[in-house]
Every structure is written in structure tokens, then in C-alpha cells.
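Fold and geometry: a report
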Amino acid sequence: QVQLVESGGGLVQTGDSLRLSCAASGRTFIIFRMAWFRQAPGKEREFVAAINWSGGTTYYGNSVKGRFTISRVNTENTVYLQMNDLKPEDTAVYYCATRRVSPSEYQSWGQGTQVTVSS
């Protein structure tokens, strides 16, 4: 299995930037795609961004396009989420997750890191 540890969350103000990190360990050779999800209190989990481990193709949720950038450093087994122009509605617990080629569900999840954006 793959173990994931997120870091970089915190309390920021509207318009600020923040960078989240997700370090993977264990059977990292099975990773096909890494993603960030978020969940705000009382809301369903929302897809934020994803990146293919090989090739680097990226995917973004509509609410973060143009503001967030996902990247990876394969040699460090780490994925980053650069978040710019943060808004109060970005407040949530952010989770890192990985999936294999098959099945398509994300199987490994981190513990989450809190991001709070004050107005």
C-alpha cells in the first residue's frame, strides 16, 4: 500500500497564497494518479486537482481552475498544490489521495490538512 502525509495547511486571509505538500511512501511504484480533494463542514467531498504520476497530465475542478496548480516531483515522491488568490469558500480539510490504473477509485488517503481562509 501507499502511505500519504499532507502538510502546509494553515490560516490565511482572502487573496493570500498557500502551498500544500503530500509525501508518498511505501509501494509508490503502483501510483497512477495523485489527487487533492477537500471537504468543508456539512458539505460533500469535492475534487480539487489531480496529476498523472507518469507524464504529468493535470486535471482541475471548476472552482479552482486558474487559481490552483498541482505539480509533482517524482524523485521525492511528493505532490504539491499551489493555491493562489484564496477565498473563504476554499476553507476545508484538504486530502491527498492516490489511485492505480485499475480500479479507478482512489484507494490511499492521507490524514488531511486544514486550510482556513478568513475574509
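Each remark here, short or long, concerns the structure printed above.
Residues numbered from 1 in each chain as written. Predicted model: local features only at pLDDT ≥ 70, side-chain atom pairs only at ≥ 80, totals over all residues. Heavy atoms only, no water.

What follows covers the pattern of salt bridges. Side chains that carry opposite charge are capable of pairing whenever their charged atoms lie near each other. Counting across every chain of the model gives three salt bridges. Of the charged contacts in the structure, one is a salt bridge between Arg 38 and Asp 90, with a shortest N-O distance of 2.9 Å. You can see Arg 38 sitting in strand 4 (residues 33-39) and its partner Asp 90 sitting in the loop between strand 8 (78-83) and strand 9 (92-99), a full 52 residues away along the chain. Of the two residues examined, Arg 38 and Asp 90, each falls in the buried class. When the shortest N-O distance is used, the salt bridge between Asp 90 and Arg 67 registers 2.8 Å. One end of the pair, Asp 90, is in the loop between strand 8 and strand 9; the other, Arg 67, is in the loop between strand 6 (58-60) and strand 7 (68-73), with 23 residues separating them in the sequence. Like Asp 90, the residue Arg 67 is buried in the burial classification. (Salt bridge = Lys/Arg side-chain N within 4 Å of Asp/Glu carboxyl O. Helix = DSSP H or I, 4+ residues; strand = E, 2+ residues; numbered from the N terminus. Buried < 20%, exposed > 50% of the residue type's maximum accessible area, 1.4 Å probe, protein only.)

Glancing now at the environment of Asn 84. Within the fold, Asn 84 resides in the loop between strand 8 and strand 9. Sequence-distant contacts of Asn 84, defined by excluding residues within four places in its chain, comprise Asp 16, Ser 17, Arg 67 and Phe 68. (Contact = heavy atoms within 4.5 Å.)

The geometry of an aromatic ring pair comes down to the distance between the two centres and the angle between the two planes. In total, this model carries four aromatic pairs according to the counting rule given. Between the aromatic rings of Phe 37 and Trp 109, the centroid separation amounts to 5.0 Å while the plane-to-plane angle is 50°, which identifies the pairing as tilted. Note that Phe 37 is positioned in strand 4 and Trp 109 in strand 10 (residues 108-109), a separation of 72 residues in sequence. Given a relative accessible area of 29%, Trp 109 falls into the partly exposed group. (Phe/Tyr/Trp six-rings, centres within 6.5 Å; stacked < 30°, edge-to-face > 60°.)

A few words on unusual backbone geometry. In this structure, Pro 103 follows Ser 102 across a cis peptide bond, with omega equal to 0°. With respect to the helices and strands, the residue Pro 103 is situated in the loop between strand 9 and strand 10. With a phi angle near 50°, Asn 77 is a residue other than glycine that sits in the positive phi range.

Moving on, we come to the state of the cysteines. If you walk through the whole model with that rule in mind, you get one disulfide. The partner cysteine of Cys 22 in its disulfide is Cys 96, sulfur to sulfur 2.1 Å. As the torsion about the S-S bond is roughly -80°, the Cys 22-Cys 96 disulfide counts as left-handed. Of this pair, Cys 22 sits in strand 3 (residues 18-26) while Cys 96 is found in strand 9, placing the two residues 74 residues apart along the sequence. Pair check on accessibility: Cys 22 and Cys 96 agree, each one buried. (Disulfide = S-S within 2.5 Å.)

Quick look at the sheet that holds strand 1 (residues 2-7) now. One key point about sheets: their strands pair by backbone hydrogen bonds, in either a parallel or an antiparallel sense. Reading across the sheet, the four strands line up as 1-3-8-7 and stay open at both edges, with antiparallel pairing between neighbours. The two strands at the open ends of the sheet, each matched to only one other strand, are strand 1 and strand 7. On average, each strand axis in the sheet is tilted by 20° relative to the strand beside it, whichever way the strands run. Inspection of the sheet shows strand 3 paired to strand 8 by six bridges, in the antiparallel sense. Bridge assignment links Leu 20 to a residue of strand 8, and that residue is Leu 81. (Pairing = 2+ DSSP bridges. Axes fitted to C-alpha atoms, helices over the stretch in contact; angles between N-to-C directions.)

In short, shape yes, function no, at least from these values alone.
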